[in-house]
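So the chains spell out like this:
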Amino acid sequence: MPPGADASSLAAAVLDAATPPAAAAATSRVIDYLSRHADDQPRAFFADAFPSLLYRLFVSAPSSPSFIDLAVADPALADLLLSLLSPTGPLLAAAAAADRLALIRYVFPSERLPDWLRLALGSPPSTDLASPLLSRRVASELHLSVFEYYLFWFAYYPVSSASSAAPAASASNPRRTSRARLETWVSTLATTAIRKPGQKPESSLYLRLLYAYLRELVPTRTPLGKMPGGGTLLHPPPSDGTDAIDSFARAEFFLHTLVQFWLVGDDFSPLPMQTCHALGLRLPSRARADLSERPPSPGLGDAVKLLVMYLNCCDVHALVDARIPSPQGMPVSNGFWNPLIQRPLYRFVLRTFLFCPIGTVIKNATQVFSVWLAYMEPWKVTQQELDGYGKQQAGGEKEPQTTKMVYNSSWRTYVLSNYLFYNSMIVHFLGFAHKFIHSDVASVLLMVHKVLEVLSSSPELLGLLHKVDAACHSRLVASSPASDEVLKYVPSICEQLKDWEDGLSESDGDGSLLHEHWNSDLRLFSYDENGAYNLLQLLLIRAESEILRLPGDTQQALQTLDSIKSQMKTAFQGHIERINGNTSLEKSHNQHHQVRGEVFTPKHPSLRKGSWADVKYKGEWMKRPISETEVAWLARVLIRLSDWLNDALGLNCADAEGSPAGATYIQFDGNELNTVGGPRDAARMALGAVCSLMVLVGQAVLKVMRSRRVKISLRVFASKKLLSAAVVLYAVVAVTRNVSG
């Protein structure tokens, strides 16, 4: 049979495989085909069978999960796919051979590209300098080699999401679909639905492949181009400096692909502000509503965590001794790749904390939280833990013990370069914790406990964080000694705070406790209303109230609460002692907590539980997190309407010390007094008197509201109970009218 006809038959078999046995049979056919044609590299395979194979590997249709998903429930299929897709497997070997001969080029479907790349393709060619991915562009398309095309589909798998827009005809009869139509199918991710309960992420086939590709393409301890064993298919034995440069370019392309698909994604500020100014780019700002109500992709957090752990996996000796040659021949440290992921990772985690909608499963947000935690503690990552991703672990196998590994001075530069992860991100996380404390108090408390454990695990780390915070707020950097390494990082930290949080802030209607100007400065060790200490104290008050409502045994949650209180003393002890030494500050601090404690009681305010104090704006009560007892969109509309009324009536400006209005004198014309008469004029005068009285009463009420800082809050009408009662009442009235009529 000619290779072309054989490749077409192979593509049809791959597309028809919808069960684990069928997928295993199709995979075996692909392996057999590649072994028979290992020397001739038929172009027909890459033109016909290769796109179909990638689609079935990484994209799930509504009626047929992808091969990666099917392998979760079938170890035999997982082994076959691993042998096919491994760095030394036949598929990547054939791809490398095809690229050496420049057999074919591909165009990745634009609708599956991240928003920023899709936008950049329609921009001037100057955007090519913003990312190595864009150097492959031809006009408004990305022209990729076989291996690059494979990496794009591999990176696309974790971010693909379910959609009902898939054409029914294409899903029902994929064999008749052309290659162009095939690549425009909308995909779905079914990993979480197929994954067995309690299965560890280390046993995922996708993570095993990711770890294998990272070890092959991005070595952390072995210089590029000097692979053990004389080289591999993707890294042949080096002959001159060109191979090292090619290896570096391949690693850079792979990491940029993962960063663009996983971390940047739909971020409306994908590039640093300085890069945008240097290239003259003016990116259109996207509405904040596009990011709201969008939870993280399921399973993405596990993949990002492995990427972060791998890039930061190095011990103290590797930090000093390991060197990776760059294309310019300049030796760089093992942390060379860290600047690549700093900003995208910070914004990825921050977008999750700010815009993860209430009412969604907190599991996906917890995965992103674990990414942040792993990034803050790179000293706890061991090679033994990473090697667990490269093999199928038994269910009862214990995880590596990493509790004894703590921060030391060799990680000083790492912490200073990533200071915002240890300061401002914690403050944003506390806002996230307040938003979700009522939905899963046990999970939120455990997350808070882990964050405080990082701060209190090492006195040396805590001292470094305190020192940088004091330097950032003292404004004495210019007069500091030049030998102080810590103070040298203060200007860059301030620039990072502006750049990394560009456009990311809480809105007034999303129920967040933080707002646009609240984190314009570092507030981890601040003791004002918006500081981390006060937010933690308030969170504990709310958590105690939530724990009392939990059914069953609450002993574990109470123990976590006690641990958090103990960790707070360790992390904030120095500042607490200074505050306690000032009587006036202590008194103000206690009064503040009394007010905030009253604000967040009860849990779900309603007409029956509310009070006159509920409409006060102390603590932004009207803009509290939207609870499950309210209609979310109606609450946001009523919040905006209340703000407009308060502005129109002048209730936003306190008038507690306003001067009392003086007596009002009215002068009457003598001629008018003589012409008054008749019932019409008497009625007009009575109506004017009534209107004047109503105006006076209204002004008096407004004056009292201003003096007591009371504002109008229409949010109560968004209560589901109230709306349900109104609907029932309307139905009763309608039925009564029909019966009487």
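Rules and cut-offs
- Residues numbered from 1 in each chain as written.
- Predicted model: local features only at pLDDT ≥ 70, side-chain atom pairs only at ≥ 80, totals over all residues.
- Heavy atoms only, no water.
- Core = buried A, V, L, I, M, F, W, Y, C linked by side-chain atoms within 4.5 Å.
- Buried < 20%, exposed > 50% of the residue type's maximum accessible area, 1.4 Å probe, protein only.
- Helix = DSSP H or I, 4+ residues; strand = E, 2+ residues; numbered from the N terminus.
- Contact = heavy atoms within 4.5 Å.
- UniProt positions renumbered as here; feature names shortened; annotations may be inferred.
- Axes fitted to C-alpha atoms, helices over the stretch in contact; angles between N-to-C directions.
- Parallel < 35°, antiparallel > 145°, perpendicular 65-115°, else oblique.
- Left-handed = near helix turned anticlockwise from the far one by under 90°.
- Salt bridge = Lys/Arg side-chain N within 4 Å of Asp/Glu carboxyl O.
- Pairing = 2+ DSSP bridges.
- Patch = residues over 30% accessible without salt bridge, like charges linked within 9 Å, V, L, I, M, F, W, Y side chains within 5 Å.
- Areas by Shrake-Rupley, 256 points an atom, 1.4 Å probe, with all protein chains shown as cover.
- Nonpolar A, V, L, I, M, F, W, Y, C, P; charged D, E, K, R; others polar.
- pLDDT = per-residue confidence, 0-100.

Caption draft 1: Spatial organisation of the nonpolar core. Core analysis: the biggest nonpolar cluster contains 184 residues, and Tyr150, Trp262 and Trp372 have the highest contact counts within it. With 11 residues, the top contributor of residues to this core is helix α13 (residues 241–264).

Caption draft 2: Looking closely at the environment of Leu373. Structurally, Leu373 is set in helix α18 (residues 362–376). Here the alpha-carbon distance between Leu373 and Lys450, two residues 77 residues apart in the chain, equals 8.0 Å. Setting aside residues no more than four positions away along its own chain, Leu373 makes contact with Lys450, Val451 and Val454.

Caption draft 3: Focus on the environment of Val631. Inspection of the secondary structure puts Val631 in the loop between α29 (583–599) and α30 (632–648). Residue classification places Val631 among the buried positions, given a relative accessible area of 19%. Residues Val631 and Arg715 lie 84 residues apart in sequence; the distance between their C-alpha atoms is 9.8 Å. If we skip the residues at most four places from it in the chain, Val631 touches Ala718, Lys720 and Leu723.

Caption draft 4: Inspection of the UniProt feature "transmembrane region" (unreviewed entry) in the protein chain at higher detail. UniProt tags residues 682–702 and 722–740 as "transmembrane region" (unreviewed entry). In this annotation, residues 722–740 is assigned 100% helix and 0% strand; the end-to-end C-alpha distance for the span is 27 Å.

Caption draft 5: How the structure looks around the packing of helix α23 (residues 441–456) against helix α27 (residues 532–549). Axis separation between α23 and α27 bottoms out at 11 Å; the angle between their running directions is 150°. Put simply, α23 runs roughly antiparallel to α27. At the point where α23 passes α27, the crossing takes the left-handed sense. Only Leu536, Leu539, Ala543, Glu546 and Ile547 of α27 make contact with α23, whose side of the interface consists of Val441, Leu445, Val448 and Leu452.

Caption draft 6: How the structure looks around the pattern of salt bridges. Under the criterion given, the structure shown has 11 salt bridges. Measuring nitrogen to oxygen at the nearest pair gives 3.1 Å for the salt bridge that ties Arg118 to Asp115. Residue Arg118 and its partner Asp115 are located together in helix α7 (residues 115–121), separated by three residues, close to a single helical turn. For the salt bridge of Arg715 with Glu630, the shortest nitrogen-to-oxygen distance reads 2.8 Å.

Caption draft 7: Examining the sheet that holds strand β2 (residues 137–138) more closely. Taken in spatial order, the three strands make up an open sheet running β1-β3-β2, and their pairing is antiparallel. The open sheet has two edge strands with one neighbour each: β1 (106–107) and β2. The sheet contact formed by β2 and strand β3 (residues 141–144) spans two bridges and is antiparallel. In the strand pairing of β3, Val138 is matched with Glu141.

Caption draft 8: Layout of a nonpolar patch on the surface. Residues Leu693, Val697 and Val701 make up a contiguous nonpolar surface patch of about 260 Å² in total accessible area. Within the fold, Leu693 resides in helix α32 (residues 679–707).

Caption draft 9: Representation of the pairing of β3 within the structure. Alternating residues of β3 divide into Leu142 and Leu144, all buried, and Glu141 and His143, none buried. Of the pairings in the sheet, the one linking β1 to β3 comprises two bridges and is antiparallel in character. Within the sheet, the bridge partner assigned to Tyr106 lies in β3 and is Leu144. The turn linking β2 back onto β3 is made up of two residues, and Ala139 within it adopts a positive phi angle of 60°.

Caption draft 10: Structural view of unusual backbone geometry. Its identity is not glycine, yet Ala102 carries a phi of approximately 55°, on the positive side. Its location among the elements puts Ala102 in the loop between α6 (90–101) and β1. A relative accessible area of 64% places Ala102 in the exposed class.

Caption draft 11: Just the packing of helix α15 (residues 300–311) against helix α17 (residues 338–355), in detail. Relative orientation of the contacting elements α15 and α17 amounts to 150°, with a least axis distance of 13 Å. Put simply, α15 runs roughly antiparallel to α17. Once α15 is placed against α17, the crossing between them reads as left-handed. Residues Leu300, Val304, Val308 and Leu311 of α15 form the contact with α17, whose own contacting residues are Ile341, Leu345 and Phe348. Here the contact of α15 with α17 is composed, by residue class, of seven nonpolar, no polar and no charged.

Caption draft 12: A look at the confidence of the model for the protein chain. Of the residues in the protein chain, 69% reach a pLDDT of 70 or more, and the chain-wide mean stands at 74. Residue range residues 654–663 is modelled with pLDDT below 50. Its contacts to residues more than four positions away, or to other chains, number eight contacts.

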